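The primary structure of each chain is shown beneath.
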There are 2 protein chains.
Amino acid sequence: MPMRPPAAIGMPFAEVDTPALVIDLDAFERNLERMADFAARTGIRVRPHAKTHKSPEIAKRQIALGAVGVCCQKVAEAEVLVAGGVGDVLISNEVAGAAKLDRLAALARQARIGVCADDIDNVAEIEAAAAKAGASVDVLVEIDVGGRRCGTAPGAPAARIAKRIAAAPNLNFAGLQAYHGSAQHVRDPAERKAQIAQAARYAGETLRALEAVGLEARIIAGGGTGTYENETASGVYNELQPGSYVFMDADYARNTGTDGGPFRTYEHALFVLATVMSTPVPERCILDAGLKAFAVDSGMPTPWKLPGAVYQRPSDEHGVLDVSACTEPPRRGAKVLLVPGHCDPTVNLHDWYAGVRGLGTAKAQVECLWPVAARGALF
Amino acid sequence: MPMRPPAAIGMPFAEVDTPALVIDLDAFERNLERMADFAARTGIRVRPHAKTHKSPEIAKRQIALGAVGVCCQKVAEAEVLVAGGVGDVLISNEVAGAAKLDRLAALARQARIGVCADDIDNVAEIEAAAAKAGASVDVLVEIDVGGRRCGTAPGAPAARIAKRIAAAPNLNFAGLQAYHGSAQHVRDPAERKAQIAQAARYAGETLRALEAVGLEARIIAGGGTGTYENETASGVYNELQPGSYVFMDADYARNTGTDGGPFRTYEHALFVLATVMSTPVPERCILDAGLKAFAVDSGMPTPWKLPGAVYQRPSDEHGVLDVSACTEPPRRGAKVLLVPGHCDPTVNLHDWYAGVRGLGTAKAQVECLWPVAARGALF
């Protein structure tokens, strides 16, 4: 039984049911345009990460503004994106297991599909699945550029895997995945810059090792919302994979921007709308949104335009709003917007986006309802 | 598009796709029986909390073993439970907003439905919805017994709300909700006992205030997996609401039991099965299960029967398994079981349970697939 949407199209914003995942469409569109402008200005390719939004509707809007395709992390996400009309998807991740690789190969007969590999045996598995399906799959070698997650060592070990890919009849060696995940949330811009400079050196070293074996990387990919300017400036990378810029969560807002001021290039465009369900004492409002409405791995959500209010102590279905420092605490039944601490896993908790036009004005109303189509796409 | 299940009924356990939410059916059934035995032995009613499992299949098994009904936290959860054949559901929570209350009243025409209130205006709203629907709704007054979440003050303020309920033609004053949430995970059993003794004093004080206005509480409800023995021993409570005992998560396993030893009354029966997708260096395995497969609000998942392995640094789709202290680290492609840190919000991330019979034996196989039917039931 699919979950009901929290709103209907055309509904005044005040009537949206809670907890609801709300997009401020005006801010969201400005965010999309800002990244597209950056790409146009610098000449770099952008392949936004769809793991943030999990929505073909949003992916298609990114592509319409110039993105070359999108990334995702799972075959099941790629299936949803392709079914929704996206023609070029890179799974910026390793895929293990024959069942998943068979699905990946089947998908590669419908759309341009890329995947990453950091292991020579894995390349053989991808080739076997692609051959069985009669499909052609792009494969990037993932190198560890400092994130200490997946990725082979840069240089010769990576070139060895690339050679195996290039030799496989149903695979295309497409380039390098050189994403530095942990650098994204480093607060200090000089430190982020230093980490990406090192990542670019690893990527450059790998390009030379590829050259030594007669291979060329068409794509040198990396960069997230926290560092994409650094990858661009490196002169090594040619494709960016930012995701969170579409929504901007509270955690990214804690970064210092490259100009030394707060990182405000992108606007908060994603909110959870919650209702005050109980006001047992004057200093405490209880919200109907807890661990099932917010991911709290990167900190608590931030109440929006409610000075003095602090969200704390979430349980499954409750959040405590400390309003002891609020001059006008919300009353029982009032609705409150909050900026999620971490947008990607928060989106994954919801089935619907309510896209609101004119948020913050008296005319605010629901313009669209988009399913979070790849929510729960784990496989 | 509903998410595919990770397995098929009859499939050998080794073939289950990942990340998958796995129930060890043998341990799970023993857990259900242990709580049923406790209820039979002590004569207390048990109304298990379905917010843990979100499954009518499991709720019906609990009721078949003697539970008087189940609890949940949201109208949408109650709708799923009633649609799945559960006839008695208490929403152990406040419900705010006319749209939700209309749905609650409609549901009360199909099943016995209770709800909590901690505010006199909220009682009027519930009555209005019930009257409009021609329904009869049980209402419990929630009192704050120390959890500092919802709940009116014990004693006379609670009795005043109860009087309002009793005077409403379409509402039945059903008793007191006196659940102490934050006591559940207090590690020291003496401290848990002291907190529940205080909660029982608040409940007793409220019972006397009710008596003074000529009212009687049919239900005095509270108790979770961490404290239900204390509520039972108090002599004040007559209905327990434990949820997590069916699955036992890693966080509850950190409690000290009433006997002074580790809390091992219930067995770990819920796991996430993950695949090692990358082994870039000998000391690190990368699992395909991160923030989209585990809730980490109560700590990291614990690798099961893999001594020395430590799960850390989850990102959306990855978890890093530090295997530097493992004598036999798993290889790429191997599958690993982990005990979630917090079962309720972890369950909420998955669409399916794969129920496995004989887990840990060579004959382990998938006996059932149950949908997490109330996953995402936020409203």
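Residues numbered from 1 in each chain as written. Chains lettered and ligands numbered in written order. Predicted model: local features only at pLDDT ≥ 70, side-chain atom pairs only at ≥ 80, totals over all residues.

A.B. asks: How should the relation of the copies chain A and chain B be read in this particular structure?
C.D. replies: Put simply, the two copies of the chain differ by a rotation about an axis and a shift along that axis. The transformation that overlays chain A on chain B combines an axial shift of 0.0 Å with a rotation of 180°, and the residual RMSD is 0.0 Å. Each copy turns onto its partner about a two-fold axis. Most of the interface of chain A is mirrored in chain B, where 100% of its interface residues again form contacts. (Least-squares fit on C-alpha atoms with pLDDT ≥ 70 in both. Contact = placed C-beta atoms within 7 Å.)

A.B. asks: I keep staring at the environment of Pro-282 of chain B and nothing clicks. Help me out?
C.D. replies: Residues and elements named next belong to chain B. Position of Pro-282 relative to the elements: it lies in the loop between β10 (270-281) and β11 (284-287). Under the C-beta neighbour-count criterion, Pro-282 is labelled exposed, with 10 such atoms within 10 Å. Linking Pro-282 and Val-323, residues 41 residues apart in sequence, is a C-alpha distance of 7.8 Å. (Helix = DSSP H or I, 4+ residues; strand = E, 2+ residues; numbered from the N terminus. Buried ≥ 20, exposed ≤ 12 C-beta atoms within 10 Å, placed from the backbone.)

A.B. asks: How do you make sense of the sheet that holds strand β9 (residues 239-240) of chain A when you look at a structure like this?
C.D. replies: All names here are of chain A. Within the open sheet, the eight strands sit side by side as β2-β9-β8-β7-β6-β5-β4-β3. Their pairing is parallel. Looking at strand neighbours, the two that pair on one side only are β2 (45-46) and β3 (70-72), the edges of this open sheet. Two strands pair when backbone bridges link them, and β2 and β9 are joined in this way by two bridges, in the parallel orientation. Each residue of the ladder has a partner; that of Val-46, found in β9, is Leu-240. (Pairing = 2+ DSSP bridges.)

A.B. asks: Explain the packing of helix α4 (residues 98-107) of chain B against helix α5 (residues 120-133) of chain B here, please?
C.D. replies: Helix packing geometry: the angle between the two helix axes and the distance between the axes. Residue and element names in this part refer to chain B. It is at 8 Å that the axes of α4 and α5 come closest, and there the two elements cross at 50°. Judged on the interaxial angle alone, α5 and α4 are oblique. Between α4 and α5 lies a crossing of right-handed hand. Judged by residue contacts, Ala-98, Leu-101, Asp-102, Leu-104, Ala-105 and Ala-106 of α4 engage Glu-125, Ile-126, Ala-129, Ala-130, Lys-132 and Ala-133 from α5. Of the residues contributing to the contact of α4 with α5, the split by class is nine nonpolar, no polar and three charged. (Axes fitted to C-alpha atoms, helices over the stretch in contact; angles between N-to-C directions. Parallel < 35°, antiparallel > 145°, perpendicular 65-115°, else oblique. Left-handed = near helix turned anticlockwise from the far one by under 90°. Nonpolar A, V, L, I, M, F, W, Y, C, P; charged D, E, K, R; others polar.)

A.B. asks: Hey, could you run me through unusual backbone geometry in this one?
C.D. replies: Glycine aside, residues mostly have negative phi angles, and peptide bonds mostly take the trans form. In this chain, Thr-18 of chain A is followed by Pro-19 of chain A through a cis amide linkage whose omega measures -5°. Mapped onto the elements, Pro-19 of chain A comes out in the segment before β1 (20-24). Phi at Arg-148 of chain A takes a positive value of approximately 50°, unusual for a residue other than glycine. Within the secondary structure, Arg-148 of chain A is located in the loop between β6 (137-142) and α6 (156-167). With phi around 60°, Lys-54 of chain B is a residue other than glycine that occupies positive phi space. For Lys-54 of chain B, the position within the fold is in the loop between β2 (45-46) and α2 (56-64). Overall, Lys-54 of chain B belongs to the buried group, with 26 C-beta atoms counted inside 10 Å.

A.B. asks: So what exactly am I meant to see when it comes to the interface of chain A and chain B here?
C.D. replies: A common way to express how large an interface is: the accessible area buried when the components associate. Each partner contributes to the interface: chain A provides 52 residues, whereas chain B provides 53 residues. Secondary structure elements with two or more residues in the side of chain A that touches chain B: β10 (270-281) and α9 (343-347) of chain A. Considered class by class, the residues forming the side of chain A that touches chain B number 22 nonpolar, 13 polar and 17 charged.

A.B. asks: Sorry, what's going on with the domain arrangement of chain A here?
C.D. replies: All names here are of chain A. One can read the domain layout of chain A as domain 1 (13-21 + 265-371) and domain 2 (28-245). One C-alpha centre belongs to domain 1, the other to domain 2, and the line joining them spans 33 Å. The partner domain 2 presents 13 residues to the ten residues of domain 1 that form the contact. Residue contributions to the side of domain 1 that touches domain 2 peak at three residues, all from α9. Looking at side-chain class alone, the side of domain 1 that touches domain 2 contains six nonpolar, two polar and two charged residues. (Domains from an automatic or database assignment.)

A.B. asks: Where do I start with the sheet that holds strand β7 (residues 171-177) of chain B in this structure?
C.D. replies: Within a sheet, neighbouring strands are paired by backbone hydrogen bonds and run either parallel or antiparallel to one another. Residue and element names in this part refer to chain B. Spatial strand order, β2-β9-β8-β7-β6-β5-β4-β3: eight strands in an open sheet with parallel pairing. What marks the edges here is a single partner per strand, and that holds for β2 and β3 (70-72). Here strand β6 (residues 137-142) runs beside β7; their pairing, made up of six bridges, is parallel. Paired with Val-139 across the bridge in β7 is Phe-173.

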